[in-house]
Amino acid sequence: MEIWINPACSKCRSAVQLLDAEGAEYTVRRYLEDVPSPDEIRAVLDRLGLEPWDITRTQEAEAKELGLKEWPREAGSRERWISALAGHPKLIQRPIITADDGSAVVARTDEAVRNALGR
């Protein structure tokens, strides 16, 4: 199990605390420092069953600078979104847990973290 976190994020810290409390074995990826490649983002999206715009933090200043809210949310624009996430990792929703069974979850709630633990 791996968790993508931003240590400054309270949701990330809560998720890590819950994983620790449950005795989970996991690795931490500080994705702002160890930026995921476009291929890694595609793989996580496949595991999540989501599209890149589903995990994009559109309220961030960088998103507004890029005009992401106006970008089409369709298959033909998927790679553009993935490139934006790889180029601006702060835009990636967090935390993301990749479970040992090949699935993944955006773990913004205790329930989502527990769901990942049960996989």
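So, a few notes on the structure that sits alongside this text. Model, not experiment: these values are computed from the prediction.

1. A few points about the nonpolar core
And step 1. Ranked by internal contacts, the top residues of the largest apolar core, which has 20 residues, are Ile41, Leu48, Ile55, Leu68, Leu85, Ile92 and Ile96.
And step 2. Top element by residues in this core is helix H4 (residues 78-87). It accounts for five residues.
And step 3. If we ignore the near neighbours within four places in the chain, the residues touching Ile55 are Leu45, Leu48, Leu50, Leu85, Leu91, Ile92, Gln93, Ile96 and Val106.
And step 4. Within the second largest apolar cluster, 16 residues are counted, among which are Cys9, Leu18, Ile97 and Ala112.

2. Observations regarding the sheet that holds strand S3 (residues 96-98)
The strands making up a sheet associate through backbone hydrogen bonding, with each pair oriented either parallel or antiparallel.
And step 1. Pairing is mixed in the open sheet, where four strands are placed in the order S2-S1-S3-S4. The sheet is open, and its two edges are formed by strand S2 (27-30) and strand S4 (104-106), each paired on a single side. Across the sheet, the axes of successive neighbouring strands diverge by a mean angle of 20°, strand direction being ignored.
And step 2. Taken together, the three bridges between S3 and S4 define a ladder with antiparallel strand orientation. Across the sheet, Thr98 pairs through a bridge with Ala104, a residue of S4.

3. Focus on the packing of helix H1 (residues 10-21) against helix H5 (residues 110-117)
A packed helix pair is summarised by two numbers, namely the angle formed by the two axes and the spacing between the axes.
And step 1. Across the interface, H1 lies against H5 with an axial gap of 10 Å and an inter-helix angle of 45°. For the element pair H1 / H5, the angle class is oblique. In this structure, H1 meets H5 at a crossing whose hand is right-handed. Only Asp110, Val113, Arg114 and Leu117 of H5 make contact with H1, whose side of the interface consists of Ala15, Leu18 and Leu19.
And step 2. Taken together, the residues that form the contact of H1 with H5 break down as five nonpolar, no polar and two charged.

4. Observations regarding the environment of His88
And step 1. Relative to the helices and strands, His88 is located in the loop between H4 and S3.
And step 2. The spatial distance from the C-alpha of His88 to the C-alpha of Glu62 is 7.5 Å, given a sequence separation of 26 residues.

Conventions we followed
Residues numbered from 1 in each chain as written. Predicted model: local features only at pLDDT ≥ 70, side-chain atom pairs only at ≥ 80, totals over all residues. Heavy atoms only, no water. Core = buried A, V, L, I, M, F, W, Y, C linked by side-chain atoms within 4.5 Å. Buried < 20%, exposed > 50% of the residue type's maximum accessible area, 1.4 Å probe, protein only. Helix = DSSP H or I, 4+ residues; strand = E, 2+ residues; numbered from the N terminus. Contact = heavy atoms within 4.5 Å. Pairing = 2+ DSSP bridges. Axes fitted to C-alpha atoms, helices over the stretch in contact; angles between N-to-C directions. Parallel < 35°, antiparallel > 145°, perpendicular 65-115°, else oblique. Left-handed = near helix turned anticlockwise from the far one by under 90°. Nonpolar A, V, L, I, M, F, W, Y, C, P; charged D, E, K, R; others polar.

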